[in-house]
Amino acid sequence: MGRPHAGFERNIAIGDTVSSSVSLLDRDSSDPPFLQPDDARAKRLAVLLFEVARSLDHDLATALPKFEGDPKLEALRSLILEQDRAAIARLQQKFDDPRQFAGAVSSVLADAFTLAGARDEQLAKALAPILELATQASIRKNPGTLVGILYPLMGSVVRKSIAESLDGTLQRLNQAFKHSFSWQGLRWRLEALRSGSSFADVVLKHTVQFRVEHVFLIHRKTGLLIEHVAAPEVTSQDPQLVSGMLSAIQDFVRDSFEGTNKSGGGGIDTLRLGDVLLWCEEGPFAFLAAVIRGNPPESLHAALRETLTNIHDQYRSQLEEFQGDSATLGDLVTPLQRDLQQQERPRETRLSPWLWILPLVLLLLAGGWVIQRTIVRLRVDAYVQRLREEPGIVVANAELRNGKWQISGLRDPLAADPAVLLSQSRLDSKRVAFHWESYQALNPAIVLRRLAASLNPPPSVSLSLKGDTVEATGSVPQYWVERARTLVAALPAGSPKVDLSALRDIQDPEFIRLRNAIQGHIIAFDSNADRPARGEDATLDAVADEFRQLMGVTKRLGFSARMMISGHADAVGNETANLSLSAARAEVVRSMLKARGIAPELLTVRSAGPLEPLLAPNGKATAAMNRRVTFTVIASE
Amino acid sequence: MLQKKVCLLGGFGVGKTSLVRRYVQSIFSDAYLTTVGVKIEKRMVSVGAAEVALILWDIAGEDGVTGIRTSYLRGAAGYLLVVDVTRGETLEVAKSIQALVTSEIGSVPFLFLFNKTDLKEDWDLPEQSLEDLKDAGHEVLRTSAKTGEGVEEAFQALAKRMVS
């Protein structure tokens, strides 16, 4: 730096004056008539002034015309300018000696920086790279210095950052614990496995549900509201009043707990009232207060902080000098509205099919059960009705007990079997139980059945009901008729009438012929002999033959026949002996018939002794006639 | 929208709160005064064509000057000093508060409000004291919470001085 800076205003001023003088001189030299004799003095003065000017500014030394010679003038110049020269020399020395120059600059540096900083950002821009380099150099040289400088700041920043990240972790842990052991938790665990994200994240995704309802941007110093945005359809109190009160409370908290909070500047960070949450983010000149309903994620803190930082970056000076006129700031609604976040629990838009299938199935089951029961009841009713119509069955009660239909009443053993009827009724036999008391019914149908059971009628007889009367028709042997009469007579009082009058005795001509033929045969015996007389074999053959034919006839008619062999004796001799003789004669004939192929069990032996003599037409019994054996045909079952 | 923070100050029981009660919007209960020590109210005032929202910080002063939380004064664009004319000592309290405020936030517009002027026979202050204040260049208004006298004017005057 050989010469002072070209911008010395004082010098320029002097220069201007000198210039005008120069023009005066120029005029003088070009126009001699103006130069009067006593002008020489003036010229000398002008030259002197030129010299002064030249000594003050080197530029002028070349620009100004030179006036040579005149040693007196030189002497005068040195005399007049001596002090100035000394001063200039001192200045020159100050400039030339770096130490002295640095001393001079240092005394004005602070003021110069202040002025330059106030004018524009040029100084800051110029200094920024130098500061960066300086910082880097400082760190290279001794990192400890910068750490020492930043430590108090770092401590607070790190603490806050750790606290927030811990908050987030705790929130996640809480949620995770809360949902670890529920059914939903299991589902979320599966989802985490499937999607490959952490369980805590899945829990957060499902549970975080919040809505930022208000965001206030509040000027810190005045507590005045700078801007306020609210979520749609959220009613609010006067935001200006709210922001004033919020600011006051922040101040209050800060004042009250300043002693315990060394980090400084810490007002309310979080305030919870029921499910309403107030989150404050503090900046140097303004703070953001967000009113949140629900459980916001920790990331909202970051979003609020970013908004606040951006606003500060953009409107730093306006915020600093805020006097209550929000018009001095630009559009703040848009950035604030970005913080009006909300997250709703994803609503199940698609209803789970189980939600309607299950009730439907239940409804169908219930309906089915009712219908089933109704059907069963109808079937039971029909079945009971059927039983009631059945003769010989009296149903007293039918009810459902212990899952089974209990049917009780009276039943004639000869009545129809309820179990058989049940099998025709489409009811589950396992679900029906019977409790019958036996009784004897007087119902004509049952009486008919009872007679049929007791009388065992031959096929030629038919028993039937005619109105309330049991009627027997057909041909039967007389013995059966007799038995039927006995039985009917023994029926209890009140029984239906039994008509046997239509029964006819069997009058088969073949039967009668053979019976008469058999009964007409007489086997003669010699006196005191138990074997038939000579020549009786043919008679015995005939008897055997005819009996065989008779059996064929009776079989055709539906019954059987027996033959009774009666042995007789004459009245001669001992009566007891005669009895024995007659018995012997009958026995002999029986064995002889047996020998002729007649089954002995069809033959009955009877000894009449001499007690049934065969009388001659004159009324006299002859001994020879009474030594005999006779036959009687008996119809039987 | 122009907003101005205005502090409402005065000794204990001078009737600050009741003085403005009818003239301001408020959503907070008086309980804030005893708990937080301040209650925020709002008053809209027109100054020329401009609408100014005066955000009133009704600051509790339990025992005069020392009870005031000075952090509440910060950023105030003006203030009202309420004096109870039936208690002469409240003027001194008001004066000390004024000194406190000036030392805390510098010189900002303010008004002295001589309250309870409706109680004419109970005046405990000489009329001269009012004149003295006026002579000292302060603006003084007579107010009454009972009649509402001077309250509107006080807001209007303060707003005008703060905006200009």
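This structure is a prediction, so every number in the text was calculated from the model and none was measured.

Enquirer: It is not clear to me how the overall build of chain A should be interpreted in this structure. Could you clarify?
Expert: A count of helices and strands for chain A gives 20 helices and 17 strands. Across the 637 residues that make up chain A, the buried fraction comes to 23%.

Enquirer: Just checking my understanding: could you explain the interface of chain A and chain B for this structure?
Expert: Note on interface size: it is often stated as the accessible area lost on association of the parts. Taken together, the contact between chain A and chain B spans 20 residues of the former and 22 residues of the latter. Taken together, the residues that form the side of chain A that touches chain B break down as seven nonpolar, eight polar and five charged.

Enquirer: I would appreciate a short explanation of the confidence of the model for chain B in the present structure.
Expert: Should the pLDDT be low somewhere, the predicted coordinates at that spot are not to be read in detail. For chain B, per-residue confidence averages 86 on the pLDDT scale, and 97% of positions sit at 70 or higher. What the predictor reports for the complex is a pTM of 0.44 with an ipTM of 0.89.

Enquirer: Please explain the sheet that holds strand 7 (residues 139-142) of chain B as it appears in this structure.
Expert: Pairing between sheet strands relies on hydrogen bonds along the backbone, with the strands arranged either parallel or antiparallel. Residues and elements named next belong to chain B. Strands sit in the order 2-3-4-1-5-6-7 across an open sheet of seven strands; the sheet is mixed. The open sheet has two free edges, formed respectively by strand 2 (25-26) and strand 7, since each of these has just one partner strand. In this structure, strand 3 (residues 38-47) lies alongside strand 4 (residues 50-59), joined through 10 bridges in antiparallel fashion. Within strand 4, the residue paired with Glu 41 across the bridge is Leu 56. In the packing of helix 5 (residues 151-163) onto the sheet, the strands contacted are strand 1 (2-10), strand 3, strand 4, strand 5 (78-84), strand 6 (110-115) and strand 7, and the crossing angle to strand 3 comes to about 75°.

Enquirer: Any chance you could explain the nonpolar core here in plain terms?
Expert: A general trend in soluble globular proteins is that nonpolar side chains are found buried together. Counting residues in each nonpolar core, the largest one holds 86 residues, and the members touching the most others are B:Val6, B:Trp57, B:Leu80 and B:Leu81. With residues up to four places along the chain from it excluded, the contact list for B:Trp57 reads A:Gly244, A:Ala248, B:Lys5, B:Val6, B:Cys7, B:Leu8, B:Val38, B:Ile40 and B:Tyr72. A:Ile523, A:Phe559, A:Ile565 and A:Leu603 belong to the second-largest nonpolar core, a separate cluster that totals 24 residues.

Enquirer: I keep staring at the sheet that holds strand 14 (residues 522-524) of chain A and nothing clicks. Help me out?
Expert: Residues and elements named next belong to chain A. With mixed pairing, the four strands of this open sheet are ordered in space as 14-17-15-16. Each edge of the open sheet is held by one strand with a lone partner, namely strand 14 and strand 16 (603-609). Taking each pair of neighbouring strands and ignoring which way they run, the sheet shows an average axis angle of 25°. As paired strands, strand 14 and strand 17 (residues 628-636) are joined by three bridges and run antiparallel to one another. Counterpart to Ile 522 in the pairing with strand 17 is Thr 630. Where helix 18 (residues 537-557) meets the sheet, it contacts strand 14, strand 15 (560-568) and strand 17, and its direction lies at approximately 155° from that of strand 15. Contacting strand 14, strand 15, strand 16 and strand 17, helix 19 (residues 575-595) runs over the sheet at an angle of about 155° to strand 16.

Enquirer: Just checking my understanding: could you explain the packing of helix 17 (residues 509-520) of chain A against helix 18 of chain A for this structure?
Expert: Helices that pack against each other are described as a pair by the angle of their axes relative to one another and the distance between those axes. Residue and element names in this part refer to chain A. Remark: helix 17 packs on helix 18, axes separated minimally by 9 Å, with the N-to-C direction vectors making an angle of 150°. As far as their axial angle goes, helix 18 and helix 17 are roughly antiparallel. Handedness of the crossing formed by helix 17 with helix 18: left-handed. Together, Glu 510, Phe 511, Leu 514, Arg 515, Ala 517 and Ile 518 of helix 17 and Val 543, Glu 546, Phe 547, Gln 549, Leu 550, Val 553, Thr 554 and Leu 557 of helix 18 make up the contact between the two elements.

Enquirer: I tried to follow helix 3 (residues 89-105) of chain B on my own but got confused; where do I start?
Expert: For an α-helix, 3.6 residues make a turn, and residues three or four places apart therefore share a direction. Residues and elements named next belong to chain B. Between its first and last C-alpha, helix 3 extends 24 Å over 17 residues, near the 24 Å set by a 1.5 Å rise per residue. Taken as a whole, helix 3 has its buried residues at Thr 90, Leu 91, Val 93, Ala 94, Ile 97 and Val 101. Burial along helix 3 is one-sided: seen end-on, the buried residues are contained in an arc of 155°. With respect to the buried face of helix 3, the exposed residues turned more than 90 degrees away are Ala 99, Thr 102 and Ser 103. Buried positions along helix 3 lie against strand 1, strand 5, strand 6 and helix 4 (127-135). At the exit of helix 3 stands Gly 106, carrying a positive phi of roughly 85°.

Basis of the calculations
Residues numbered from 1 in each chain as written. Chains lettered and ligands numbered in written order. Predicted model: local features only at pLDDT ≥ 70, side-chain atom pairs only at ≥ 80, totals over all residues. Helix = DSSP H or I, 4+ residues; strand = E, 2+ residues; numbered from the N terminus. Buried ≥ 20, exposed ≤ 12 C-beta atoms within 10 Å, placed from the backbone. Contact = placed C-beta atoms within 7 Å. Nonpolar A, V, L, I, M, F, W, Y, C, P; charged D, E, K, R; others polar. pLDDT = per-residue confidence, 0-100. Pairing = 2+ DSSP bridges. Axes fitted to C-alpha atoms, helices over the stretch in contact; angles between N-to-C directions. Core = buried A, V, L, I, M, F, W, Y, C linked by C-beta atoms within 7 Å. Parallel < 35°, antiparallel > 145°, perpendicular 65-115°, else oblique. Left-handed = near helix turned anticlockwise from the far one by under 90°. Expected span 1.5 Å × (residues − 1). Arc of directions from axis to C-beta.

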